[in-house]
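Per-entry structural report
If you want the building blocks of each chain, they are given just below.
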Amino acid sequence: MANITFSSPLHKDKTVYAVAGSHKQTILEIAKENHIPIDFGCGNGECGTCLVKVFSIDRKKRMAHPLTEHETKVLKEMGKITQAQIDQMRVDDLMPTEWRLACQMVMRDEDIIVEYPSR
Ligand code: FES
């Protein structure tokens, strides 16, 4: 089971939580279970409220977490991803940017860092 570390640069105490997530849960579901205050609205990848930044634990390698169709559309509308990045994602099947929607990204077998809020 992979670990997910939640971090918020806006919290004065820089509290970091590390919890294990299953491969069926979204980041938002894991955050809710662990009382991590990530804002959300629709829960369906349409409003962009749950915007977060996601990194591999070493913050270096690109991860194999391609965006969902909902994420692709919303992140492009929000100016967080370019068409060139979308095209490259469809070629290499890797995460094109650190921006994600917490309600759409499902954990895989990889330790990650999630920064919130990201705006
Ligand atoms: Fe609306 Fe995630 S809660 S996009």
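Presented here is an overview of the structure given in this document. (Residues numbered from 1 in each chain as written. Predicted model: local features only at pLDDT ≥ 70, side-chain atom pairs only at ≥ 80, totals over all residues. Heavy atoms only, no water.)

Things to note about the nonpolar core
- If you look at the biggest cluster of nonpolar residues, it comprises 31 residues, and the most contacted ones within it are I4, F6, I27, I38, V54, I112 and V114.
- For this core, the elements supplying multiple residues, two or more each, are strand 1 (2–7), helix 1 (27–33), strand 3 (51–56), helix 2 (69–77), helix 3 (83–92), strand 4 (99–101) and strand 5 (112–115).
- The dominant element in this core, judged by the number of residues it contributes, is helix 1, at four residues. (Core = buried A, V, L, I, M, F, W, Y, C linked by side-chain atoms within 4.5 Å. Buried < 20%, exposed > 50% of the residue type's maximum accessible area, 1.4 Å probe, protein only. Helix = DSSP H or I, 4+ residues; strand = E, 2+ residues; numbered from the N terminus.)

Observations concerning the side chain of E110
- Tracing the backbone shows E110 in the loop between strand 4 and strand 5.
- Classification of E110 as buried rests on a relative accessible area of 17%.
- Residues within four places of E110 in sequence aside, it is in contact with A2, N3, K61, M63 and H65. (Contact = heavy atoms within 4.5 Å.)

With respect to the environment of L28
- Note on placement: L28 falls in helix 1.
- By relative accessible area, L28 is classed as buried at 5%.
- Linking L28 and L10, residues 18 residues apart in sequence, is a C-alpha distance of 18 Å.
- Setting aside residues no more than four positions away along its own chain, L28 makes contact with I38, F40, A102 and C103.

Considering helix 2
- Taken together, the buried positions of helix 2 are E71, T72, V74 and L75.
- In this structure, the buried side of helix 2 is in contact with strand 3, helix 3 and strand 4.
- Immediately downstream of helix 2, the backbone of G79 shows phi near 75 degrees, a positive value.

A short note on the pattern of salt bridges
- For the coordinates displayed, the defined rule picks out three salt bridges.
- The partner of E69 in a salt bridge is R90, with the nearest N and O atoms 3.8 Å apart. In this pair, E69 is assigned in helix 2 and R90 in helix 3, connecting sequence segments 21 residues apart.
- Between K73 and E77 there is a salt bridge, with the nearest N and O atoms lying 3.0 Å from each other. Residue K73 and its partner E77 are located together in helix 2, separated by four residues, close to a single helical turn.
- For K73, a relative accessible area of 53% corresponds to the exposed category.
- What makes E77 exposed here is its relative accessible area of 57%. (Salt bridge = Lys/Arg side-chain N within 4 Å of Asp/Glu carboxyl O.)

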